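# Architecture at a glance
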Amino acid sequence: MEAKSPAFAVLGAGAVVTARHLPALRAIGGSVLSVFDPAVDAARAAADAFEIPHVARTFEEAIATDGVGAVLIASPNSFHREQAELAFALGRHVLCEKPLALTLEDASAIRMAAEQAKRVLQVGFHHRFSAEQLCVKQLLRLGVLGEVRAFSGSLSEPFDAVPGAFGTIASTPSKGAASP
């Protein structure tokens, strides 16, 4: 028997959500019942474009929406802990955009909340499935690279990889992104 995807509440209606997450959920037949963004126009636009029935006034309202089984947290990083802890307290699974938290203390608290609620916590880091990452994994597994004593890498995407992303929270520390 095939598992059915839970209905989502989405926290954040920025470029990554509207260009990547919501189209991906639509493509697999996933449903979104509620969306919240403090920029109400952005939340309404996402709701209209993706047929999301409820635009919440607060993240708490979005998470508590009847029928929601999972929460996509794509809000500024500084809000991840509070939002994830509430989601777990209400019995929701969580997909949280990277980084999970800005401090080890917050990341540990989120992990513990997931364990206590017996719910799934997933961090949205799609690069681990890229051809390059899978190739290196295979080379390591086969012993081709020998013993690894140190590693350094870099990864980049063009600024226009996500429409409208330049100048958003992902590239502006004052809007809640982690500083380098």
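Parameters and conventions
- Residues numbered from 1 in each chain as written.
- Predicted model: local features only at pLDDT ≥ 70, side-chain atom pairs only at ≥ 80, totals over all residues.
- Heavy atoms only, no water.
- Helix = DSSP H or I, 4+ residues; strand = E, 2+ residues; numbered from the N terminus.
- Buried < 20%, exposed > 50% of the residue type's maximum accessible area, 1.4 Å probe, protein only.
- Contact = heavy atoms within 4.5 Å.
- Areas by Shrake-Rupley, 256 points an atom, 1.4 Å probe, with all protein chains shown as cover.
- Salt bridge = Lys/Arg side-chain N within 4 Å of Asp/Glu carboxyl O.
- Pairing = 2+ DSSP bridges.
- Axes fitted to C-alpha atoms, helices over the stretch in contact; angles between N-to-C directions.

Per the secondary structure count, the protein chain includes 6 helices and 6 strands. Moving toward the C terminus, one meets the helices and strands of the protein chain in the order β-α-β-α-β-α-β-α-β-α-β-α. When each of the 180 residues of the protein chain is scored for burial, the buried share is 33%. Looking at the protein chain alone, contacts between residues at least 24 apart form 58% of all its contacts between residues at least 6 apart. Just so you have it, the protein chain exposes about 11,300 Å², and 59% of that area is on carbon and sulfur atoms.

Under the counting rule described, the total for this entry stands at 8 salt bridges. Measuring nitrogen to oxygen at the nearest pair gives 2.8 Å for the salt bridge that ties Asp106 to Arg81. Taken together, the positions of Asp106 in helix α5 (residues 104–117) and Arg81 in helix α4 (residues 80–89) put the pair 25 residues apart, joining distant regions of the chain. By relative accessible area, which is 26% here, Arg81 ends up partly exposed. Between Glu97 and Lys98 there is a salt bridge, with its nearest N and O atoms 3.9 Å apart. Owing to a relative accessible area of 35%, Lys98 belongs among the partly exposed residues under this scheme.

Once that is clear, we can look at the sheet that holds strand β5 (residues 93–97). Taken in spatial order, the 6 strands line up as β3-β2-β1-β4-β5-β6 in an open sheet, and their pairing is parallel. Each end of this open sheet is capped by a strand with a single partner; those strands are β3 (54–55) and β6 (121–124). Summarising the sheet, strand β1 (residues 7–11) and strand β2 (residues 32–36) pair through 4 bridges and their orientation is parallel. Residue Phe8 lies in a different strand from β2, and its bridge partner there is Val32. Where helix α1 (residues 15–27) meets the sheet, it contacts β1, β2, β4 (68–73) and β5, and its direction lies at approximately 180° from that of β1.

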